[in-house]
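Structural description and commentary
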Amino acid sequence: MNKSDLIEVIVESAGIPKNIAGKTLDKILQSITHALKKGEDVALIGFGTFKVNERKARTGRNPKTGEVLQIPASNVASFKVGKGLKDAVQSLGQKE
């Protein structure tokens, strides 16, 4: 499923126009991005938590040349799955 597919699901389930659904989804994603840029966690109970983790500087190796290089520290976005989503995914393939 991509963004367009998700917008279609919102249109069908909420009964709202496609442009409103698209703007709403964009605003949700912008809000999550803005919160992460400020260093805040975004917790969606039952779905999961978005947060920013620090990745320490480390030594790496160029696989092509074997040259040792220094990889700088960075911040990375991460997602921890919530119980509701985890349980829903676990039920895949199980007979009901």
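All figures in this text were calculated on a predicted structure; none of them were measured in a lab. (Residues numbered from 1 in each chain as written. Predicted model: local features only at pLDDT ≥ 70, side-chain atom pairs only at ≥ 80, totals over all residues. Heavy atoms only, no water.)

**Regarding the pattern of salt bridges**
In this structure the tally under the stated criterion is four salt bridges. As a salt-bridge pair, aspartate 26 and lysine 3 come within 2.4 Å of each other at their nearest N and O atoms. Of this pair, aspartate 26 sits in helix 2 (residues 18-37) while lysine 3 sits in helix 1 (residues 3-14); the two residues are 23 residues apart in sequence, bridging distant segments of the chain. On the basis of relative accessible area, aspartate 26 is assigned to the partly exposed category, the value being 29%. When the shortest N-O distance is used, the salt bridge between aspartate 87 and lysine 83 registers 2.8 Å. With a gap of four residues between them, aspartate 87 and lysine 83 both fall in helix 3 (residues 83-90), about one helical turn apart. (Salt bridge = Lys/Arg side-chain N within 4 Å of Asp/Glu carboxyl O. Helix = DSSP H or I, 4+ residues; strand = E, 2+ residues; numbered from the N terminus. Buried < 20%, exposed > 50% of the residue type's maximum accessible area, 1.4 Å probe, protein only.)

**Looking at the domain arrangement of the chain**
As far as domains go, the chain holds domain 1 (1-40) and domain 2 (41-95). In this assembly, five residues from domain 1 lie in contact with six residues from domain 2. The junction of domain 1 with domain 2 conceals about 460 Å² of combined surface from both sides, 81% of it contributed by carbon and sulfur atoms. Summed over the three residues of domain 1 that lose the most area to domain 2, namely Ile32, Leu36 and Glu40, the buried surface amounts to 88% of that side. (Domains from an automatic or database assignment. Contact = heavy atoms within 4.5 Å. Buried area = accessible area lost by both parts, 1.4 Å probe.)

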